[in-house]
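# Structure at a glance
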Amino acid sequence: MANRGGAAQRPNSQTQGKICQFKLVLLGESAVGKSSLVLRFVKGQFHEYQESTIGAAFLTQTVCLEDTTVKFEIWDTAGQERYHSLAPMYYRGAQAAIIVYDITNMDSFGRAKVWVKELQRQASPNIVIALAGNKADLANSRAVECDEAQAYADENGLLFMETSAKTAKNVNEIFLAIAKKLPKNEQVSGAGSANQGRRLVESDSSAKTAGNCCK
Amino acid sequence: MDEEYDAIVLGTGLKECILSGMLSVSGKKVLHVDRNKYYGGESASITPLEELFTRYGAPAPDQSYGRGRDWNVDLIPKFLMANGSLVKLLIHTGVTKYLEFKCVEGSYVYKQGKISKVPVDQKEALASDLMGMFEKRRFRNFLVYVQDLQEDDPKTWKDLDPNVCTMQQVYDKFGLDKNTQDFTGHALALYRDDDYLNQNALQTIRRIKLYSDSLARYGKSPYLYPMYGLGELPQGFARLSAIYGGTYMLDKPIDEIVYENGKAVGVRSGSEIAKCKQVYCDPSYVPEKVKKTGQVIRCICLLDHTIPNTRDALSTQIIIPQKQVNRKSDIYVSLVSYTHQVAAKGWFVGMVSTTVETENPEAEIKPGLELLGPIRQKFVTVSDYYEPIDEGKESQVFISKSYDATTHFETTCLDVLDIFRRGTGTDFDFSAVKQNLGDEDQ
Ligand SMILES: Cc1cc2nc3c(=O)[nH]c(=O)nc-3n(C[C@H](O)[C@H](O)[C@H](O)COP(=O)(O)OP(=O)(O)OC[C@H]3O[C@@H](n4cnc5c(N)ncnc54)[C@H](O)[C@@H]3O)c2cc1C
Ligand SMILES: Nc1nc2c(ncn2[C@@H]2O[C@H](COP(=O)(O)OP(=O)(O)OP(=O)(O)O)[C@@H](O)[C@H]2O)c(=O)[nH]1
Ligand SMILES: [Mg+2]
């Protein structure tokens, strides 16, 4: 059971040709800029009136490190967080999480702390968690001090940066920092263990499924 | 909440979540509400284990049960047919991307107090202890006939038009005895009673073919089970709905459906009213619009061992055909385990269920419980089975049926597709979802 939600969950996250794939989830109060951070990171765009990304289960983006390519499968809450109705399935199996709050909104920082607790309780013990104080461009209406957040992050072993999806400040950086911190070899030990499930695929030929999932 | 929606869905059981997903994908503006703070309603998986014990008023579990949060115990036991309609729905809606599955290891059938592996191909049939030598040969001929039969090619019909003759006539032609008929009808064609014998043979032949097609997909049995339990399924479809714009509110008590001239126009929670054109819900939200048509008994059994005589299968299904125990409906036994992340290491969750036929339902499931060996903890539920009293055309309130005693999701899917058709006047267009999802995962 050590790998509840852990690396071993993902059949396709083996180190093969030094490409590692990880599931990364974004969490945090509504309107803190989760979708905007993803959009900035994946497409280099920012929208003043960001709408939820309709029709996408998740987006992918790669980060190149010296010897490895890290491919992120990035999951957005699809707005389910709005009325505190996010399904636990969403963060199950995630190897990384960015918990976002809005530096101009103290409540959103409180909500971020709740998420940290929830992940520490429910998610894989090895999950890499980053805390993002978003909307750093609005520093003149700041409600959450940078030091306070930094101290909280240190206490809980989280990566921490203040980001802005609007100006792109620290957006690539935070994903890069996560990529560096993620264990790149650990999957090997988990992979192939009998504890994995398989993803279902179209059944044009029954033999085909084998390639797509663990044995 | 004070907004206007095309449809409001009440309850986050599997059926409601599939419906919500299909409606959102079809471009409808959907509000999806549940009075509970968790997803799944009647078809949830309960976690942590302490919560399950509390639910049934039992004293808290002791140390031996391991970490409570390693448990996700289904309230309703079901498996997916690998080639069945739920798997098709999962694949065609892309929801399968959120879930991982394991193949159920064994499929067994009960005969005269013993269980035997369900033979599915000719090789297994020949090795089976269900039949004597001559019967085996007859059964083999029958299987060859079923496999070779082409609906549109009379040459493969062996002088029996499957469109016209009954299944009993087919059995008789091959000289199959009552026992063989019993496991063929109940463990392969998966009928719950014997009405099929006097009905047209073609539908039974299709079912047997589909059983073997499901089996062919992953090998060990035709059944699949999702990691972390069945409660993942409604959550997956809820996410689909949210991705297509559906709004989610859990922990929201619903006071009433608001009607105008007999037609639903909204839903009230406290002082808030959400307007809508249609309501989709499970029976618990509309007690005045459903009728009780029966009862189902389900017994959750926590075990620290596998089921005896199943070759230590970590997951299995056993069907006890009605006649074997002088009943009108079959008894189903299922087992899943820690390997599905639904129990702490070394633990198993067994479930025995059937349609209630007597005043003493607990006695009815005894033959099932006896197969399990020592049981550490037992939780029994007898639930009423409800059906809507009308089609919902006038009120625009579309109500799902309760979950039946079957151990699979086929009737679940049929109900969902039927409700969708009644509510929208069309069949669900799978292509609406496929195209959009194509490009996200290169
Ligand atoms: C344990 C169990 C497992 C079942 N698995 C499936 C299943 O995986 N898929 C399914 O659709 N139905 C399955 N069924 C049968 C399904 O429950 C019936 O189709 C349903 O009860 C309605 O019966 P019918 O006679 O009205 O419909 P039918 O006319 O018999 O069937 C409706 C549709 O379901 C298909 N179907 C029927 N039987 C099967 C089968 N065994 N496997 C796959 N497809 C089938 C038919 O081809 C048809 O498209 C299963 C039944 C049981 C008891
Ligand atoms: N000034 C500024 N505005 C931002 C920034 N990031 C996001 N926003 C704005 O904040 C609003 C909400 O952003 P979203 O990305 O939709 O927030 P979200 O967290 O995805 O919200 P939900 O999907 O409702 O949970 C939008 O109007 C964005 O334009 C930022 O860094 N700076
Ligand atoms: Mg968003």
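Residues numbered from 1 in each chain as written. Chains lettered and ligands numbered in written order. Predicted model: local features only at pLDDT ≥ 70, side-chain atom pairs only at ≥ 80, totals over all residues. Heavy atoms only, no water.

Basically, it comes down to this: UniProt positions are given in the numbering used here, feature names are shortened, and annotations may be inferred rather than shown by experiment.
Per an unreviewed UniProt entry, chain B carries the name Rab GDP dissociation inhibitor and comes from Frankliniella occidentalis. Under the UniProt heading Sequence similarities (unreviewed entry), the note attached to chain B is "Belongs to the Rab GDI family." Regarding chain B, the relevant UniProt record gives this comment under Subcellular location (unreviewed entry): "Cytoplasm".

In the annotation of an unreviewed UniProt entry, chain A is listed under the name small monomeric GTPase and assigned to Frankliniella occidentalis. Quoted verbatim from the Subcellular location (unreviewed entry) heading of the UniProt record, the comment on chain A is "Early endosome".

### Some details on the overall build of chain B
The criterion, for reference: Labels follow the DSSP assignment, with helices taken as runs of H or I lasting at least four residues and strands as runs of E lasting at least two, numbered in each case from the N terminus. In this description the radius of gyration comes from C-alpha coordinates, and the expected globular size is given by 2.2 Å times residues to the power 0.38. The buried label goes to any residue with under 20% of its type's maximum accessible area, the exposed label to any with over 50%, and the partly exposed label to all in between, with areas taken from a 1.4 Å probe on protein chains only. By definition, residues are in contact when any of their heavy atoms lie within 4.5 Å.
Scanning chain B from N- to C-terminus turns up 13 helices and 19 strands. Taking 22 Å as the expected radius of gyration for a compact globule of 442 residues, we find that chain B reaches 23 Å, a close match to that expectation. For the C-alpha atoms alone, the extent of chain B along its principal axes is close to 70 × 60 × 55 Å. When each of the 442 residues of chain B is scored for burial, the buried share is 61%. In chain B, 71% of the contacts between residues at least 6 apart in sequence involve partners at least 24 apart.

### Here's the deal with the site of ligand 2
Residue and element names in this part refer to chain A. Defined as follows: Note on terminology: near, applied to a residue and a molecule or strand, indicates that one of the residue's heavy atoms is within 4 Å of it. We call two N or O atoms a polar contact when they sit within 3.5 Å, provided that within protein one can donate a hydrogen and the other can accept it, with sequence-adjacent residues counted only if both atoms are side-chain atoms. Residue burial considers only the protein chains on display, and all accessible areas are found by Shrake-Rupley using a 1.4 Å probe. Ten residues, namely Ala, Val, Leu, Ile, Met, Phe, Trp, Tyr, Cys and Pro, are considered nonpolar, four, namely Asp, Glu, Lys and Arg, are considered charged, and the remaining ones, Gly among them, are considered polar.
Around ligand 2, the surrounding shell holds 20 residues, and the nearest of these are S30, K34, S36, E48 and D137. E48 places a main-chain nitrogen or oxygen 2.7 Å from an oxygen atom of ligand 2. K166 is positioned with one of its backbone polar atoms (N or O) 3.3 Å from an oxygen atom of ligand 2. When the free accessible area of ligand 2 is taken as 660 Å², the share hidden by the protein chains comes to 88%. Looking at the shell around ligand 2, the element that brings in the most residues is helix α1 (residues 34-43), giving 3 residues. Partitioned by chemical class, the residues of the shell around ligand 2 number 5 nonpolar, 8 polar and 7 charged.

### Brief notes about the domain arrangement of chain B
All names here are of chain B. So the rule is basically this: Boundaries between domains were set according to an automatic or database domain assignment. Joining two parts hides part of their accessible area as seen by a 1.4 Å probe, and the buried area is that hidden amount summed over both.
Taken domain by domain, chain B holds domain 1 (4-42 + 231-291 + 386-426), domain 2 (56-105 + 293-385) and domain 3 (116-218). Between domain 1 and domain 2, the C-alpha centre-to-centre distance is 26 Å. At the junction of the two partners, domain 1 supplies 28 residues and domain 2 supplies 28 residues. With both chains or domains summed, domain 1 and domain 2 bury close to 2,600 Å², and 66% of this area falls on carbon and sulfur atoms. Three residues stand out in domain 1 for area buried against domain 2, namely A405, T407 and F409, and they jointly supply 24% of the buried area on that side.

### Notes on the nonpolar core
If you look at soluble globular proteins, the nonpolar side chains tend to sit buried side by side. The following threshold applies: Only buried residues count toward a nonpolar core, which is a set of Ala, Val, Leu, Ile, Met, Phe, Trp, Tyr and Cys residues joined through side-chain atoms within 4.5 Å.
Counting residues in each nonpolar core, the largest one holds 167 residues, and the members touching the most others are F72(A), L86(B) and F142(B). When residues no more than four places from it in sequence are discounted, the contact partners of F72(A) are F22(A), L24(A), F41(A), L59(A), T60(A), Q61(A), V63(A), F175(A), I178(A), A179(A) and L182(A). Listed in part, the 22 residues of the second largest apolar core include Y110(B), I307(B), I318(B) and V352(B).

### Brief notes about the sheet that holds strand β15 (residues 316-320) of chain B
Residues and elements named next belong to chain B. In plain terms, the rule: Paired strands, as defined in this entry, are two strands with at least two bridges between them according to DSSP. Between N-to-C directions, angles cover 0 to 180 degrees, with each direction set by a line fitted to C-alpha atoms, over the stretch in contact for helices.
Pairing is mixed across the open sheet formed by 7 strands, whose spatial order is β8-β7-β15-β16-β17-β14-β18. Each end of this open sheet is capped by a strand with a single partner; those strands are β8 (114-117) and β18 (377-388). Between one strand and the next, the sheet's axes are offset by a mean angle of 25°, whatever the strand orientation.

### Digging into the layout of surface pockets
The probe, sized like a water molecule, is rolled over the atoms to show the empty space still left. So the rule is basically this: The rule is simple: put a 1 Å grid over the protein atoms alone, call a set of points where a 1.4 Å probe fits but cannot get out a cavity, call an open set with protein on both sides within 12 Å along at least five of seven lines a pocket, and count a residue as lining if it has an atom within 4 Å of a point. Grid points are joined across faces, edges and corners, and a volume is the space filled by probe spheres set on the points.
In this model, the largest pocket occupies a volume close to 1,000 Å³. Lining the largest pocket are 39 residues, with R207(B), H408(B), E410(B), T411(B) and L414(B) sitting closest to its centre. Broken down by element, the lining of the largest pocket gets its largest block of residues, 6 residues, from helix α8 (residues 201-218) of chain B. A per-class count over the lining of the largest pocket returns 15 nonpolar, 15 polar and 9 charged. Taken as a whole, the second largest pocket spans an internal volume of roughly 870 Å³. Around the second largest pocket, the lining comprises 31 residues; the ones closest to its centre are P88(A), Y91(A), E118(A), K37(B) and Y38(B). Within the residue set of the lining of the second largest pocket, elements represented by two or more residues are α2 (106-122) of chain A together with β3 (45-46) and α9 (232-243) of chain B.

### Topic: the site of ligand 1
Residues and elements named next belong to chain B. Around ligand 1, the neighbouring residues are M81, G84, S85, L190, Q203, R207, L210, H408, E410, T411 and L414. Within the side chain of Q203, an N or O atom sits 3.0 Å from an oxygen atom of ligand 1. At a separation of 3.0 Å, an oxygen atom of ligand 1 approaches a polar side-chain atom of R207. Expressed as a share of its isolated accessible area of 790 Å², the protein-covered part of ligand 1 is 73%. Elements with a contribution of two residues or more to the shell around ligand 1: α8 and α12 (410-424).

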